[in-house]
Amino acid sequence: MHPFVWNVDPVLGHFGPVVIRYYGLCFSLALATGFAVWAARVRRFGESRAFAEDMLYLGVPAVFIGGRLGFCLFYAPEVYRAHPLQILAVWQGGIASHGVAVGLVVALWAFSRRHHVTWLRVADYFAPAVALAVGWIRLGNFFNSEVVGRPASVPWAVVFARHDLVPRHPVQIYDLLMGPATYLVLWAVERRQIRPLGSGLLAGTF
């Protein structure tokens with residue numbers, strides 16, 4: 001059985017000088033999904049609409065700034081130390097998920113201080129939102145033929161032709177499927193009411 005060959009152009013289309021990429025579309029869907037789940041959860045637990053919307057002003061910059069700095073500092077620190085203004089060249093790409101994670105932790109801490117709510121409660125609110133949002137990013141990685149898996153001989157192996165000609169595990173799809181699975185686990189834990197919201201159980205489980 002021949003492996004599936006993936007050789008899709010990561011550019012969705014051009015609109016004048018603007019280039020629309022699948023990754024950018026997926027990133028936008030991740031932000032929209034994350035905020036929608038967050039807003040629905042905090043409203044269900046009695047928080048105001050203003051409380052929900054205020055996360056946009058901290059969370060969105062944290063995602064972009066944390067992700068960009070994470071990429072620059074973790075993957076090519078010598079390049080960006082020599083040319084620090086290149087950090088601002090976001091159109092050239094480069095966002096690291098662990099930088100995003102650090103940025104969001106800081107944003108949640110600042111948000112909790114601003115609203116006089118414990119950090120653990122905010123994190124418990126937020127964890128299911130991240131679980132559903134992160135899969136979109138991995139789908140974007142799949143379109144970019146990046147973050148590829150190890151060589152594999154399984155029937156569902158994928159050749160990422162823009163990367164190399166080696167059949168590999170489609171780990172981006174694995175991560176995509178892990179998101180809803182993680183959300184269902186968090187939902188089950190919350191339904192059991194083992195500990196009250198704000199104990200950090202949901203965030204810790206995530």
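Read from one edge of the open sheet, three strands run 1-4-5, paired in mixed fashion. Of all the strands in the sheet, just strand 1 (4-6) and strand 5 (167-168) have a single pairing partner and so form its edges.

Its 22 residues place the ends of helix 6 (residues 171-192) 31 Å apart at the C-alpha level, agreeing with the 32 Å of an ideal helix rising 1.5 Å per residue. Of the positions making up helix 6, those classed as buried are Gln172, Gly179, Leu186, Val189 and Glu190. The inward-facing, buried residues of helix 6 contact helix 1 (22-44), helix 5 (119-144), strand 4 (158-160) and helix 7 (201-205). A positive backbone phi angle near 55 degrees is found at Gln193, which sits one or two residues after helix 6.

Position of Gln172 relative to the elements: it lies in helix 6. For Gln172, a relative accessible area of 1% translates into the label buried. At 2.9 Å, the side chain of Gln172 forms a polar contact with the backbone oxygen of Glu146. The contact partners of Gln172, leaving out residues within four places of it in the chain, are Arg138, Asn141, Phe142, Glu146, Val147, Val148 and Phe160.

Each value, and the rule that gives it
Residues numbered from 1 in each chain as written. Predicted model: local features only at pLDDT ≥ 70, side-chain atom pairs only at ≥ 80, totals over all residues. Heavy atoms only, no water. Pairing = 2+ DSSP bridges. Helix = DSSP H or I, 4+ residues; strand = E, 2+ residues; numbered from the N terminus. Expected span 1.5 Å × (residues − 1). Buried < 20%, exposed > 50% of the residue type's maximum accessible area, 1.4 Å probe, protein only. Contact = heavy atoms within 4.5 Å. Polar contact = N/O pair within 3.5 Å; in protein donor to acceptor, adjacent residues only side chain to side chain.

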